[in-house]
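# Examining the three-dimensional arrangement
Letter by letter, the chains look like this.
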Amino acid sequence: MLILTYVQKARKEGYPQHLCTIIERLICVALSDEFCSRQESSYEYQRFQLLLCAAEVCLQFGNHIGCVRHAKSASELLLPDDSLFFAHILLCRAYAAQDNFVDMRKEYTRCLELKTDYPIGWVC
């Protein structure tokens, strides 16, 4: 929850470097923590959220490779399709930022296949 709060604050403030550095460090510690290595669904979802936060911070700083790495890791977790949608939409954004339209199209198609019941997903 602490990390999500910082990500929301960073978003409101335009992703200032000092906040993003704190977020990156917190995420690194949280992902290396023992609880994130468990395979239970609640832990998988927490790991998913952390990976998406890390990907977003990387994207905002122009670290497209880091963004793709984190988003791909999130997309490989065993979660429902309507959740995995968000990892693939983030991959779309990362590929668009790289002007990689071939992979962007693949990820966009994957988003359409996965679908989502979350209205915010389609706003994204």
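What comes next concerns the included structure. Computed from a predicted structure; not experimentally measured. (Residues numbered from 1 in each chain as written. Predicted model: local features only at pLDDT ≥ 70, side-chain atom pairs only at ≥ 80, totals over all residues. Heavy atoms only, no water.)

### Quick look at the packing of helix H1 (residues 2-12) against helix H2 (residues 17-32)
- Look at H1 against H2: their axes get within 10 Å of each other, and the N-to-C directions meet at 160 degrees. Our classification of the angle between H1 and H2 gives roughly antiparallel. Crossing handedness for the pair H1 and H2: left-handed. Across the interface between the two elements, Leu2, Ile3, Tyr6, Val7, Lys9 and Ala10 of H1 pack against Leu19, Ile23, Leu26, Ile27 and Ala30 of H2.
- Its residues assigned to classes, the contact of H1 with H2 comprises ten nonpolar, no polar and one charged. (Axes fitted to C-alpha atoms, helices over the stretch in contact; angles between N-to-C directions. Helix = DSSP H or I, 4+ residues; strand = E, 2+ residues; numbered from the N terminus. Parallel < 35°, antiparallel > 145°, perpendicular 65-115°, else oblique. Left-handed = near helix turned anticlockwise from the far one by under 90°. Contact = heavy atoms within 4.5 Å. Nonpolar A, V, L, I, M, F, W, Y, C, P; charged D, E, K, R; others polar.)

### Quick look at the environment of Glu56
- As for its position among the elements, Glu56 is in helix H3 (residues 41-60).
- Sequence separation between Glu56 and Leu90 is 34 residues, and the spatial gap between their C-alpha atoms is 7.6 Å.
- Those residues in contact with Glu56 that sit more than four places away from it in its chain are Arg11, Tyr15, Leu90 and Arg93.
- Within the local environment of Glu56, its side chain forms a polar contact with the side chain of Arg93, the two groups lying 2.6 Å apart. (Polar contact = N/O pair within 3.5 Å; in protein donor to acceptor, adjacent residues only side chain to side chain.)

### Notes on the packing of aromatic side chains
- Within this structure, the stated rule accounts for two aromatic pairs.
- Taken together, a centroid distance of 5.4 Å and an interplanar angle of 85 degrees make the contact between Phe85 and Phe86 edge-to-face. This pair shows no difference in class: Phe85 is buried, exactly as Phe86 is. (Phe/Tyr/Trp six-rings, centres within 6.5 Å; stacked < 30°, edge-to-face > 60°. Buried < 20%, exposed > 50% of the residue type's maximum accessible area, 1.4 Å probe, protein only.)

### As for the pattern of salt bridges
- A complete count under the given rule lists four salt bridges for this structure.
- The residue Glu13 makes a salt bridge to Lys9 at a minimum N-O spacing of 3.6 Å.
- Between Glu56 and Arg93 there is a salt bridge; the shortest N-O distance is 2.6 Å. One end of the pair, Glu56, is in helix H3; the other, Arg93, is in helix H5 (residues 81-97), and 37 residues separate them in sequence.
- Residue Glu56 is classed as buried on the basis of its relative accessible area of 9%.
- Taking relative accessible area as the criterion, Arg93 reaches 36% and is therefore assigned partly exposed. (Salt bridge = Lys/Arg side-chain N within 4 Å of Asp/Glu carboxyl O.)

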